[in-house]
Amino acid sequence: MLRGGTVAVWLSLSAACAGGAQPPAPPTPQDDSPPTEAAAAFASTYQPMPSQTTVLRGATVMTAAGPTMERADVLLVDGLVEAVGPDLDAPAGAREIDATGKWVTPGIIDTHSHMGVYAAPGDASLSDGNEATSPNTAEVWAEHSVWPHDPQYALALAGGVTTFHVLPGSANLFGGRGVTLRNVPSRTMQGMKFPDAPYTLKMACGENPKRVYGGRGRSPSTRMGNVAGYRSAWIEAADYKRKTDKWEADGADPAQRPKRNLRLETLAGVLAGEIRIQNHCYRGDEMAVMLDIAAEFGYEIASFHHAVEAYKVRDRLAETGTCASMWADWWGFKLESYDGIRANIALVEDAGACAILHTDDSGGVQRMNVDAAVALAAGLEAGLDLDRDDALRWITINPARALGVEDEVGSLETGKRADVVIWSGDPFSIYSRAELVLIDGAIAYDRSDPEHQPLADFMLGILPEEVTP
């Protein structure tokens, strides 16, 4: 199904985050089927590709869990990291890879992607990321729009991306559930789904919701309308949760079960601490308002996204344990994004908060290492005490933390999934390339071997004449 090739396809940020043609009528957010059946229907079927015991020899190893090690080995057994250090003993029969002169890092993770929901080619028929039919569409799930044959996945893989998080667009106050995917070939979305990764809920503040709905003569048309919309929804969700909790406490009699509501089910999942908030928000003052709303209703925000003014509230981000997903040097494309600075990521890191470099872009996801280098350079120019290990965490363990999968991926530590990238040189040099990418210890991409360069079905081309009817 998958074999060699490259193609570059860009999808516009505006399309991803706030636009699209007038959609059909909104879905009815009720479903009378039992919740356990609905959840099971979309359960992960991910199975790691076959791997063999492998030892990487003599590399410069960056673990994202400690300082860089020179001339170190990495031992991978049964798809997991077994050990990292100098002169490791390997079991008999292990595959040995001479990584002398190479650099080794964990697989890269992007917290903000629309791959699969705005699949390539960028045609309207594949524009499935923004259910812009109501300010609150918490009932929709991005995974139900994911096309598992999007050619963009392979391009991200060639850039060392092993895990990515797909979100709905940001037209709505509540955009719907996000899903974390493994970057592997699969016939189905479920086959890519990161096992047991928590669901997320996309929220958006600022210009997008008020522009989309104010332009239709309905609420919200102002930022105060945005906030009223959030608070009203949380009040309704809290009431729904109270009724459901009471039903369960009273014995969960099926005959007495409150009618299910998919929209409120997602919001109640946030209040129960089961679903993590990923919040599109540019301005620092609006991030502070969103943190206050979270405190009012008793939930946490895992990460702000597109947080170009995170540097203004970095102390509050550190206090609340809230991550900020940011760009290295992209701002100024609309008014709420005007006050970006190049040292944004570095200043958030310096404050002790969880700094993340994200993309929201199918082109940017192919060079996250380079963008991290740009952000690192800006921090060093600002006089901050930073190094390559800090920059590596911005694209590995910190995004894993925001997605709730930090115990499994994001660093090279014993027992974690063997998601590993071997780079031709310093990963923060524009001249370096990902030469070999392993996912769960299996070779997912090999720059020197076309048999390990995924090519989606859509890129195979038309059938040769001799096999056409």
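Residues numbered from 1 in each chain as written. Predicted model: local features only at pLDDT ≥ 70, side-chain atom pairs only at ≥ 80, totals over all residues. Heavy atoms only, no water.

Student: Could you clarify how one ought to interpret the state of the cysteines in this entry?
Tutor: A covalent bond between the sulfur atoms of two cysteines is referred to as a disulfide. Applying the stated criterion to the full structure yields two disulfides. Note that Cys323 is cross-linked by a disulfide to Cys354, the S-S spacing being 2.3 Å. Torsion about the S-S bond of the Cys323 and Cys354 cystine: about 80 degrees, corresponding to right-handed handedness. Taken together, the residues span a long stretch of sequence, with Cys323 in strand E12 (residues 323-326) and Cys354 in strand E13 (residues 354-357) at a distance of 31 residues. Each member of the pair, Cys323 as well as Cys354, is classed as buried. Here the bonded cysteines of the chain are numbered in sequence order, and their pairing is 1-2, 3-4. (Disulfide = S-S within 2.5 Å. Helix = DSSP H or I, 4+ residues; strand = E, 2+ residues; numbered from the N terminus. Buried < 20%, exposed > 50% of the residue type's maximum accessible area, 1.4 Å probe, protein only.)

Student: Would you take a moment to explain the nonpolar core for this structure?
Tutor: Side chains of nonpolar character tend, in soluble globular proteins, to be buried together. Among the nonpolar cores identified, the biggest contains 96 residues, and Phe174, Leu201, Trp234 and Tyr299 are the most heavily contacted of them. Ranked by residue count, the leading element in this core is helix H7 (residues 284-297), at six residues. Leave out the neighbours within four places in its chain, and Trp234 touches Phe174, Leu201, Met203, Leu267, Val270, Leu271, Ile277, Ile293, Phe297 and Tyr299. Of all hydrophobic cores here, the second largest spans 16 residues; its members include Ala59, Val61, Leu76 and Ile97. (Core = buried A, V, L, I, M, F, W, Y, C linked by side-chain atoms within 4.5 Å. Contact = heavy atoms within 4.5 Å.)

Student: Just checking my understanding: could you explain the pattern of salt bridges for this structure?
Tutor: Pairing is possible between side chains that carry opposite charge, provided their charged atoms lie close to one another. Within the structure shown, the criterion is met by 28 salt bridges. Between Glu349 and Arg393 there is a salt bridge, with its nearest N and O atoms 3.7 Å apart. Taken together, the residues span a long stretch of sequence, with Glu349 in helix H9 (residues 344-350) and Arg393 in helix H11 (residues 388-394) at a distance of 44 residues. When its relative accessible area of 16% is taken as the criterion, Glu349 is described as buried. Judged by relative accessible area, which is 23%, Arg393 ranks as partly exposed. Taking the shortest distance from any N to any O, the salt bridge between Asp390 and Arg393 comes out at 2.2 Å. One end of the pair is Asp390 and the other is Arg393, both in helix H11 and three residues apart, which spans about a single turn. Exposure remark for Asp390: the relative accessible area of 11% places this residue in the buried category. Several salt bridges share partner residues, and in doing so they unite Arg223, Arg283, Asp285, Glu286, Lys334 and Glu336 into one network. (Salt bridge = Lys/Arg side-chain N within 4 Å of Asp/Glu carboxyl O.)

Student: Help me out: how do you make sense of the packing of helix H5 (residues 223-249) against H7 in this one?
Tutor: How two helices pack is summed up by the angle between their axes together with the distance between the axes. Between H5 and H7, the shortest axis-to-axis distance is 11 Å and the interhelical angle comes to 20 degrees. Between H5 and H7, the angle is such that the two are roughly parallel. Considering how the two elements wind past one another, H5 and H7 form a crossing that is right-handed. Side by side, H5 and H7 meet where Arg223, Val227, Tyr230, Arg231, Trp234 and Ile235 of the first sit next to Glu286, Val289, Met290, Ile293, Glu296 and Phe297 of the second. The residue inventory of the contact of H5 with H7, partitioned by class, reads eight nonpolar, no polar and four charged. (Axes fitted to C-alpha atoms, helices over the stretch in contact; angles between N-to-C directions. Parallel < 35°, antiparallel > 145°, perpendicular 65-115°, else oblique. Left-handed = near helix turned anticlockwise from the far one by under 90°. Nonpolar A, V, L, I, M, F, W, Y, C, P; charged D, E, K, R; others polar.)

Student: Which parts of the structure should I look at to understand the sheet that holds strand E11 (residues 301-305)?
Tutor: To summarise the sheet geometry, strands pair through backbone hydrogen bonds and adopt either a parallel or an antiparallel arrangement. The eight strands lie next to each other as E6-E7-E8-E9-E10-E11-E12-E13, forming an open sheet whose pairing is mixed. The two strands at the open ends of the sheet, each matched to only one other strand, are strand E6 (108-113) and E13. For this sheet, the mean angle separating the axes of adjacent strands, direction not counted, is 25 degrees. Examined bridge by bridge, E12 and E13 share four bridges and lie parallel to one another. Across the sheet, residue Met326 finds its bridge partner in E13, namely Leu357. Contacts from H7 reach strand E9 (200-204), strand E10 (276-280) and E11, with the element oriented near 160 degrees to E11. Its contacts with the sheet put helix H10 (residues 368-381) on E6, strand E7 (161-166) and E13, and the angle it makes with E6 is roughly 90 degrees. (Pairing = 2+ DSSP bridges.)

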